[in-house]
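# Structural description and commentary
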Amino acid sequence: MLDDVFTYSGELFSLAAFGAWLWLGMRAFPGLDILVARYEDDLRLGAAARRPASAQRIGRLSRVAVSLTAIAVIFSAVGYAIPD
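Small disclaimer: the values here were computed from a predicted structure and weren't measured.

### Points about the overall build of the protein chain
- From N to C terminus, the protein chain includes three helices and zero strands.
- Within the protein chain, the proportion of its 84 residues that are buried is 15%.
- Restricting to contacts in the protein chain with at least 6 residues of sequence separation, those with at least 24 account for 91%.
- Of the roughly 6800 Å² of accessible surface on the protein chain, 67% is carried by carbon and sulfur atoms.

### Digging into the side chain of aspartate 3
- Relative to the helices and strands, aspartate 3 is located in helix H1 (residues 2-27).
- Only 3.3 Å separates the side chain of aspartate 3 from the backbone nitrogen of methionine 1, close enough to count as a polar contact.
- Contact partners of aspartate 3, with chain neighbours within four places excluded, come to Gly79, Ile82, Pro83 and Asp84.

### A short note on the environment of alanine 72
- Counting through the fold element by element, alanine 72 comes out in helix H3 (residues 55-81).
- Spatially, the C-alpha atom of alanine 72 lies 6.6 Å from that of glutamate 11, the residues being 61 residues apart in sequence.
- The residues contacting alanine 72, other than those within four sequence positions of it, are Gly10, Phe13 and Ser14.

### A word on the side chain of serine 9
- With respect to the element layout, serine 9 can be found in helix H1.
- Within polar-contact distance, the side chain of serine 9 engages the backbone oxygen of valine 5 at 2.7 Å.
- In this structure serine 9 touches Asp4 and Phe75, once residues within four positions along its chain are discounted.

Analysis parameters
Residues numbered from 1 in each chain as written. Predicted model: local features only at pLDDT ≥ 70, side-chain atom pairs only at ≥ 80, totals over all residues. Heavy atoms only, no water. Helix = DSSP H or I, 4+ residues; strand = E, 2+ residues; numbered from the N terminus. Buried < 20%, exposed > 50% of the residue type's maximum accessible area, 1.4 Å probe, protein only. Contact = heavy atoms within 4.5 Å. Areas by Shrake-Rupley, 256 points an atom, 1.4 Å probe, with all protein chains shown as cover. Polar contact = N/O pair within 3.5 Å; in protein donor to acceptor, adjacent residues only side chain to side chain.

Here you go:
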């Protein structure tokens, strides 16, 4: 019973970590509007370059994703190590 709790909770944490890593991966590639804004800024056509507001949020989410991954690995390892 205890091994099932650790095993399945490790699997749930791993799904949450996968979702966080997937979201971070999708945010890593800029959209077309950002690419155009960067190009205009290089030509000095746009306003001063602004700092992205979501940079701090992405930093926090990456720490959460790493933590979820570590918890998932530990819980799964404990769940598989406990004999039935």
